[in-house]
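Residue strings, one per chain:
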Amino acid sequence: LIMKENSLKLVSSEQALKELGLNEHQLRFTCRVQLQDPHCDSDTLHRIYKHLKSVLKGYTIQHLPDGTVIVESIVIKVSSSAEDTNTKVLLLSWSYQDEDLGSFLSTLLKKGLPSGLC
Amino acid sequence: IEEPPVVLAPKPLLSGAVPLEAFLATLQKHGISEVKVEETADGHILHLQAEDTLIQLEEDGTHIVCDNNEPLRTTLRDLVLRFLQKL
């Protein structure tokens, strides 16, 4: 809500910043999480997708064909370690606005995937 | 049992920029002194060598790339936030 020329108007927070002549500063995090999972990268990603689907009720979770899983606006990718293909390196990337969920997901995935996921 | 955050508290929007020299001094105060600074087209990349962490500082954005080390990440986050306005 901003006051301008003696009238009030409701604008998005991004728009409000612009009207105040301020620039927005994007703070982003990318965390590497190591995971032991003896599957190929795409299977590991699918297992992560299933795991998150079962843990996070009411969140928007997508498994995209380009090899990413998206939870709200948090991006998850998988790659294998060069030395050991059973060691997967997950990259989780989120912005400060998603700090709570990003932090939660990085802690959750660090614990590994439950057995019994297909 | 892992409980996901039920209500996501909206975070303030950030504004401003992180000044390189002042930020390096702050890192040093927190025991992070092995920092290699590289100039880029849009700002700087800081390589925290002992922590194997990269911080990309630009006029309109900061990107922290680190291993899953929550204490380190949250410390770096809070140090960056000190230099930014919260709205």
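These remarks concern the structure in this document. None of the values given here were measured: they were computed from a predicted structure.

Residue and element names in this part refer to chain B. Relative to the elements of secondary structure, H30 occurs in the loop between α1 (20-29) and β2 (35-39). Exposure remark for H30: the relative accessible area of 38% places this residue in the partly exposed category. For H30, the residues in contact, after removing those within four places along its chain, are L79 and R82.

Counting from both sides, the interface comprises 35 residues of chain B and, opposite them, 31 residues of chain A. With a shortest N-O distance of 3.9 Å, A:R32 and B:D52 are connected by a salt bridge. The tally of links from chain B across to chain A stands at 24 residue pairs in polar contact (both at pLDDT 80 or more). Top element by residues in the side of chain B that touches chain A is strand β5 (residues 61-67) of chain B. It accounts for seven residues. Here the residues of the side of chain B that touches chain A are counted per class, giving 17 nonpolar, seven polar and 11 charged. As paired elements, strand β3 (residues 26-36) of chain A and β5(B) share seven bridges and run parallel to each other. Residue pairing across strands places A:T30 opposite B:V65, the latter belonging to β5(B).

On the surface, a cluster of nonpolar side chains totalling about 550 Å² of accessible area is made up of A:L1, A:M3, A:L8 and A:L10. The topology assignment puts A:M3 in strand β1 (residues 2-4).

Definitions and cut-offs
Residues numbered from 1 in each chain as written. Chains lettered and ligands numbered in written order. Predicted model: local features only at pLDDT ≥ 70, side-chain atom pairs only at ≥ 80, totals over all residues. Heavy atoms only, no water. Helix = DSSP H or I, 4+ residues; strand = E, 2+ residues; numbered from the N terminus. Buried < 20%, exposed > 50% of the residue type's maximum accessible area, 1.4 Å probe, protein only. Contact = heavy atoms within 4.5 Å. Salt bridge = Lys/Arg side-chain N within 4 Å of Asp/Glu carboxyl O. Polar contact = N/O pair within 3.5 Å; in protein donor to acceptor, adjacent residues only side chain to side chain. Nonpolar A, V, L, I, M, F, W, Y, C, P; charged D, E, K, R; others polar. Pairing = 2+ DSSP bridges. Patch = residues over 30% accessible without salt bridge, like charges linked within 9 Å, V, L, I, M, F, W, Y side chains within 5 Å. Areas by Shrake-Rupley, 256 points an atom, 1.4 Å probe, with all protein chains shown as cover.

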